[in-house]
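Chain by chain, the residues run as shown.
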Amino acid sequence: MYTEISSLDLQKAVELLRNGKLVAFPTETVYGLGADAMNVNAVKKIFTAKKRPADHPVIVHIENAEQLSNWACNIPSSAFALAKKFWPGPMTLILERAPHVSDIITGGQPTIGLRIPQHPIAQNLLHLFGSGIAAPSANSFGRLSPTLAKHVAEELGTAVNFILDGGACTLGIESTIIDLSSETPRILRPGSLALTEINSVLGGCLSSQPTSSSAPRAPGALPSHYAPKTPLRIIAPAKLKKFLADSDQKPIAVLTQNEIFSENNNIRWILMPKDPIQYAHDLYAKLRSVDDGSYSMIVVTTVPQNEEWTAILDRLTKAQGR
Ligand code: TXA
Ligand code: MG
């Protein structure tokens, strides 16, 4: 379920976007920080608000697949096959950029990231606005993506002109990014989509190269990202007891799917869901709840190592930062 918003609020958001302002809006993955993708000065404000390096490209959100050719060129048939299967939804496609697209959007790269979100508020906004909305996640660069409107307000403050509050994002982690700009399709960032399903749409030609070897400016290439301010460590459940007993960095917040084994004032226990979909939904909100300076460290116990957990494992590893 999502929170309905009034048509007045939507109108206001559209007006602000048309006037080159920043509007945060919910998507089914995380909240985006939106600007008119055709307005270079507006897009520049995103970089300032997020303290984002200029060479880090932003995704352009569009309303339907017909708009792909407004932003990309030499679009392969695989893009339309993936679009048919997964859009609207949590998928971003990297395609060859159309000549008019600004370097500000693409970070100077010859490619562009495009996505059709499924969230009704995002869809209504795109429909009323009538053009592409550039929108990275609405957080400071390198930090946890926001899954609630209040996260955006807390983090970006007055840098964002208006926030459309759609309640909690259903998926909770960012879209799957698929690079179709070179011969072999490649995952640059795993997300909620099953890799086997993507591969079957692509006729089995998805590259099995790990994300870390991807293009230099892709999110997977950064050693630290999606990170709380508090240092985060991933610890195997079997080693947790000893780790906590030996640590001189208390108080510690522990996010675990396993049994909580001791009551100790220096340890805050957060029980995480066993189901990967629910875990992803909760992850950033739970991390934020213990990232207020009260803890010296956040410990997260290892999650299962299978396909359903790939995206969560990716985010936790990036959050740990090494
Ligand atoms: O779920 C999502 O994708 C959310 C919602 C708001 O749509 N957006 C999001 O945007 O996560 P952002 O900017 O936080 O992460 C997008 C990533 C960036 O790390 C960027 O490097 C990568 O996508 N990206 C964008 N355009 C690219 C391009 N042309 N080539 C390679 N990577 C690109
Ligand atoms: Mg982001």
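From a predicted model like this one, the values you see are computed outputs, not experimental measurements.

Following the criterion strictly, the structure yields one aromatic pair and no others. A centroid spacing of 5.2 Å and a plane angle of 75° characterise the contact between tyrosine 279 and tryptophan 309, whose relative ring orientation is edge-to-face. With a gap of 30 residues between them, tyrosine 279 in helix α10 (residues 276-289) and tryptophan 309 in the loop between β13 (297-301) and α11 (310-320) connect regions that are remote in the sequence. Considered together, tyrosine 279 and tryptophan 309 belong to a single accessibility category, that of buried residues. Over the aromatic face of tyrosine 226 sits the side chain of arginine 315, whose NZ or CZ is 5.1 Å from the ring centroid.

With that settled, the discussion passes to the nonpolar core. Nonpolar side chains tend to gather and get buried jointly when the protein is soluble and globular. Leu82, Leu93, Ile105, Leu114 and Ile198 are the most contacted members of the largest nonpolar core, which totals 45 residues. When residues of this core are assigned to their parent elements, the largest contribution, five residues, is made by helix α2 (residues 40-50). Excluding anything up to four places from it in sequence, isoleucine 105 contacts Ala37, Val43, Pro57, Val58, Val60, Ile112 and Ala134. Grouped together as the second largest cluster of nonpolar side chains are 24 residues, Leu144, Ile270, Met272 and Ala280 included.

For the rest of this paragraph, the subject is unusual backbone geometry. Omega for the bond connecting tryptophan 87 with proline 88 falls within 30 degrees of zero, at -5°, which places this linkage in the cis form. In this structure, proline 88 sits in the loop between α4 (77-86) and β4 (91-96). Between lysine 250 and proline 251 the backbone carries a cis peptide bond, its omega angle lying at 0°. Inspection of the secondary structure assignment puts proline 251 in the loop between α9 (237-246) and β11 (252-256). Its identity is not glycine, yet lysine 51 carries a phi of approximately 55°, on the positive side. Following the sequence through the fold, lysine 51 ends up in the loop between α2 and β3 (59-61). Of the residues examined, lysine 51 reaches a relative accessible area of 63% and is grouped as exposed. Even without being a glycine, asparagine 74 presents a positive backbone phi close to 50°. In this structure, asparagine 74 sits in the loop between α3 (68-71) and α4. By relative accessible area, which is 63% here, asparagine 74 ends up exposed.

Bringing the pairing of β4 into the picture now. Taken across its six residues, β4 has five buried, putting it largely inside the fold. Sheet topology note: the β4/strand β8 (residues 176-179) ladder contains four bridges and is parallel. Residue pairing in the sheet places isoleucine 94 in a bridge with aspartate 179 of β8. Pairing geometry for β4 and strand β5 (residues 111-115), over four bridges, is antiparallel. Looking at β5, one finds that leucine 93 is bridged to leucine 114.

Moving on to the site of ligand 1. Residues in contact with ligand 1 amount to 24 residues; listed here are only the nearest, Thr29, His61, Ser137, Ser175 and Arg189. Here an oxygen atom of ligand 1 sits 3.0 Å away from a polar atom, N or O, in the side chain of arginine 52. Histidine 61 is positioned such that a nitrogen or oxygen atom in its side chain is 2.7 Å from an oxygen atom of ligand 1. The leading source of residues in the shell around ligand 1 is β5, at four residues.

Conventions adopted
Residues numbered from 1 in each chain as written. Chains lettered and ligands numbered in written order. Predicted model: local features only at pLDDT ≥ 70, side-chain atom pairs only at ≥ 80, totals over all residues. Heavy atoms only, no water. Phe/Tyr/Trp six-rings, centres within 6.5 Å; stacked < 30°, edge-to-face > 60°. Helix = DSSP H or I, 4+ residues; strand = E, 2+ residues; numbered from the N terminus. Buried < 20%, exposed > 50% of the residue type's maximum accessible area, 1.4 Å probe, protein only. Lys NZ or Arg CZ within 6 Å of the ring centre and 35° of its normal. Core = buried A, V, L, I, M, F, W, Y, C linked by side-chain atoms within 4.5 Å. Contact = heavy atoms within 4.5 Å. Pairing = 2+ DSSP bridges. Near = heavy atom within 4 Å. Polar contact = N/O pair within 3.5 Å; in protein donor to acceptor, adjacent residues only side chain to side chain.

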